[in-house]
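Here's the letter readout for the chains.
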Amino acid sequence: MLTISKYTFGVGDRFAHQAQAQLRACMKAAEHGVTVVPVWNKSNREHTIIGSEPSSVRTAADAAVKALGWTKPYHVDADHIRLETVDRFVAPSDFFTIDVADNIGKSADPAAVKAFVDRHPQLVGELNIAGIDTAFRTTRADVERVAAKYLNAVQEAGRIYRHIAAAKGEGNFITEVSMDETDHPQTPPELLVILAALAAEGIPLQTIAPKFTGRFNKGVDYVGDVRQFEKEFNDDLAVIAFAVKAFGLPASLKLSVHSGSDKFSIYPAIRTALRRYDAGVHVKTAGTNWLEEVIGLAEAGGAGLDMAKDIYVQALGKLDALCAPYATVIDIDAKKLPSEAEVRGWSSQQFTAALRHDQSNPGFNPSLRQLIHVGFKVAAQMGDKYLKMLESCEASVSRNVTANLYDRHIKPLFIDG
Ligand SMILES: [Zn+2]
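Caption draft 1: Main features of the overall build of the protein chain. Helix and strand content of the protein chain: 18 helices and 10 strands. Taken against the 2.2 N^0.38 rule, which gives 22 Å for 417 residues, the C-alpha radius of gyration of the protein chain at 22 Å falls within 12% of a compact globule. Projected onto the principal axes, the alpha-carbon positions of the protein chain cover approximately 70 × 45 × 45 Å. Out of the 417 residues in the protein chain, the part that is buried amounts to 48%.

See the structure below:
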């Protein structure tokens with residue numbers, strides 16, 4: 001079976017120009033003795049907004065690996081696919097994020113629920129899991145309720161998995177199931193039932209993306225109770241270790257943290273928990289890389305800075321339309337958004353201070369950052385003009401892309417010293 005490495009990092013590259021800069025961040029980790037495997041991910045939603053094809057992600061990844069001589073594994077992730085969107089991803093991808101969040105809560109066949117609970121008597125009653133202080137105490141009715149909520153989603157994941165396996169062959173790809181794009185977090189006892197059901201469905205699951213407690217807004221820090229997150233994350237790791245043995249899931253199974261970029265306040269908790277359990281993790285980042293492109297343009301000054309300003313000004317003019325698809329994952333305070341006139345007068349340094357995710361910088365403006373985060377459609381509409389500018393500002397863009405991934409993300413999570 002194609003087995004996922006312990007530490008993997010989802011790197012989004014919306015305009016297919018940063019694969020080398022992203023790979024350089026993984027090479028820096030390797031220089032410090034830590035293997036962080038890059039996974040280039042791009043969702044169907046991003047492809048649709050930009051007008052790109054999944055094969056372009058594979059082309060860019062292969063070219064970067066070849067150019068830099070990377071000899072460790074790397075993958076291309078068909079991110080957030082469903083049965084109706086997966087087909088054009090099948091050939092170029094070797095990692096599939098099967099998104100079944102929309103099926104959560106859809107009614108499941110009562111006979112299937114009963115059969116599932118009958119086959120898993122160990123889920124009912126008192127369950128002690130190594131690493132979790134308080135035993136799970138569940139009644140048969142509790143397990144039936146959780147199974148009824150998630151079984152439809154699990155069965156849909158099975159249909160999508162088998163559809164991919166029929167085309168690519170079993171064992172030739174990595175399977176993730178994502179349930180993060182929903183309103184309510186899955187608790188560790190729910191995760192246990194979900195994993196039992198995914199195993200019973202015959203899915204060789206290697207990463208699972210639950211919805212965690214708190215808000216994972218795009219491109220900015222975690223909002224929520226860090227201690228509660230820490231407990232949940234630790235308990236999830238304990239549940240996964242238990243489920244691997246109890247249900248025969250792949251030993252490589254690990255958590256996947258979606259919208260994982262920029263969540264600086266929870267990285268220490270994640271780091272400590274991974275060490276405690278000797279566990280792996282997959283962290284997905286996407287838009288943070290596009291934001292670094294804009295920072296790189298601004299830092300270059302001249303025409304690059306002008307284009308960065310154009311992107312902001314146009315995004316400001318389309319505020320409502322750009323934010324609508326992301327309403328649940330952004331928190332923009334419109335009153336804090338600077339006017340066109342103000343931004344037109346900014347220097348490189350003022351623009352990058354507002355946009356770069358450095359919370360200690362008094363110029364940092366999270367509302368502006370989130371607006372530009374969802375504003376990549378503006379750059380997509382600029383077409384070749386935007387791509388040409390990326391190329392002429394390549395030095396400052398790639399410097400920022402690499403530094404952001406390595407210094408602010410990979411280093412605090414994985415690197416000692
Ligand atoms: Zn996601």
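Moving on, there is more to tell.
Caption draft 2: Focus on the pairing of strand S3 (residues 75–81). Across the 7 residues of S3, 7 count as buried, placing the element largely inside the fold. Pairing of strand S2 (residues 37–43) with S3 involves 5 bridges; the strand directions are parallel. Paired with Val-39 across the strands is His-75, a residue of S3. Two elements, S3 and strand S4 (residues 95–99), share 3 bridges in a ladder whose sense is parallel. For Ile-81, the partnering residue across the bridge sits in S4 and is Ile-98.

Caption draft 3: How the structure looks around the sheet that holds strand S8 (residues 205–209). Taken in spatial order, the 8 strands close into a barrel running S1-S2-S3-S4-S7-S8-S9-S10, and their pairing is parallel. Mean inter-strand twist for the sheet, computed between neighbouring axes without regard to direction, equals 25°. Note: strand S9 (residues 254–257) against strand S10 (residues 281–285), 3 bridges, orientation parallel. Among the inter-strand pairings, Ser-256 is bridged to a residue of S10, identified as His-282. Contacts from helix H3 (residues 54–68) reach S2 and S3, with the element oriented near 155° to S3.

Caption draft 4: Geometry of the environment of Gly-280. Within the secondary structure, Gly-280 is located in the loop between helix H9 (267–277) and S10. Take Gly-280: there are 20 C-beta atoms within 10 Å of it, and that puts it in the buried class. It is 15 Å that separates the C-alpha atoms of Gly-280 and His-258, two residues lying 22 residues apart in sequence.

Caption draft 5: How the structure looks around the domain arrangement of the protein chain. Taken domain by domain, the protein chain comprises domain 1 (7–287 + 407–414) and domain 2 (291–393). Relative to domain 2, the C-alpha centre of domain 1 lies at a distance of 30 Å. Counting residues at the interface gives 17 residues for domain 1, matched by 18 residues for domain 2. Residues of the side of domain 1 that touches domain 2, tallied by class, amount to 5 nonpolar, 7 polar and 5 charged.

Caption draft 6: Summary view of helix H15 (residues 366–373). Most of H15 sits inside the fold, with 7 of its 8 residues counted as buried. For H15, the complete set of buried residues consists of Pro-366, Leu-368, Arg-369, Gln-370, Leu-371, Ile-372 and His-373. Those residues of H15 that are buried lie in contact with helix H10 (287–300), helix H11 (302–317), helix H12 (319–323) and helix H14 (348–355).

Caption draft 7: Representation of the packing of helix H8 (residues 226–247) against H9 within the structure. Between H8 and H9, the shortest axis-to-axis distance is 10 Å and the interhelical angle comes to 25°. Comparing their axes, H9 and H8 come out roughly parallel. Crossing handedness for the pair H8 and H9: right-handed. Contact with H8, carried on its side by Val-226, Phe-229, Glu-230, Phe-233, Asn-234, Leu-237 and Ala-241, involves Ala-269, Ile-270, Ala-273, Arg-276 and Tyr-277 of H9 and no other residues of that element.

Caption draft 8: Quick look at helix H17 (residues 384–392). Within the span of H17, buried status applies to Tyr-386, Met-389 and Leu-390. Projected onto a plane normal to the axis of H17, the buried residues spread over an arc of 105° and lie on a single side. In H17, the exposed positions angled more than 90 degrees off the buried face are occupied by Asp-384, Lys-385 and Glu-391. Where H17 is buried, its residues touch H10, H11, helix H16 (376–382) and helix H18 (394–414).

Caption draft 9: Molecular detail of the environment of Lys-114. Position of Lys-114 among the secondary structure elements: in helix H5 (residues 110–119). Once the C-alpha coordinates of Lys-114 and Glu-144 are considered, the two residues, 30 residues apart in sequence, prove to be 7.1 Å apart.

Caption draft 10: Main features of the pairing of S2. Within S2, 6 of the 7 residues are buried, which leaves it mostly tucked inside the rest of the structure. Relative to S2, strand S1 (residues 7–11) runs parallel, the two being bridged by 4 bridges. Considered in S2, the bridge of Thr-8 is made with Val-37.

Caption draft 11: Molecular detail of the environment of Ala-209. In this structure, Ala-209 sits in strand S8. Looking at Ala-209, the number of C-beta atoms within 10 Å reads 25, which means it is buried. Residues Ala-209 and His-282, spaced 73 residues apart in sequence, show a C-alpha to C-alpha distance of 9.0 Å. If sequence neighbours within four positions are ignored, Ala-209 has contacts with Glu-176, Ser-178, Met-179, Asp-180, Ser-256 and His-258.

Caption draft 12: Main features of unusual backbone geometry. Despite not being glycine, Ser-259 has its phi angle at roughly 50°, a positive value. By the secondary structure assignment, Ser-259 is in the loop between S9 and H9. The backbone phi angle of Asp-278 is positive, close to 50°, even though this residue is not glycine. Inspection of the secondary structure assignment puts Asp-278 in the loop between H9 and S10.

The rules behind each value
Throughout this document, residue positions are counted from 1 along each chain, in the order its sequence is written. In keeping with the model being predicted, local features are shown solely for residues with a pLDDT of at least 70 and side-chain atom pairs are shown and tallied solely at 80 or more, while totals for entire chains, interfaces and linings include all residues. Only DSSP runs of H or I reaching four residues or more are called helices, and only runs of E reaching two or more are called strands; each is numbered from the N terminus. When we talk radius of gyration, it's over C-alpha atoms, and the globule rule is simply 2.2 Å times the number of residues to the 0.38. Three exposure classes are used, based on other C-beta atoms lying within 10 Å of a residue's own C-beta, which is placed from the backbone: buried for 20 or more, exposed for 12 or fewer, and partly exposed in between. Only when DSSP finds a minimum of two bridges between them are two strands counted as paired. Here an angle of 0 to 180 degrees is reported between the N-to-C directions of two axes, which are lines fitted to C-alpha atoms, with helices fitted over the stretch in contact. What counts as a contact here is a pair of residues whose C-beta atoms, placed from the backbone, lie within 7 Å. Domain start and end points were adopted from an automatic or database domain assignment. Note on residue categories: nonpolar means Ala, Val, Leu, Ile, Met, Phe, Trp, Tyr, Cys or Pro, charged means Asp, Glu, Lys or Arg, and polar means any other residue, Gly included. Working definition: roughly parallel below 35 degrees, roughly antiparallel above 145 degrees, roughly perpendicular at 65 to 115 degrees, and oblique for all remaining angles. The sense of a crossing depends on the near helix, which, turned anticlockwise from the far helix by less than a right angle, makes the crossing left-handed and, turned clockwise, makes it right-handed. Taken from the helix axis, the directions to the C-beta atoms give the arc we talk about.

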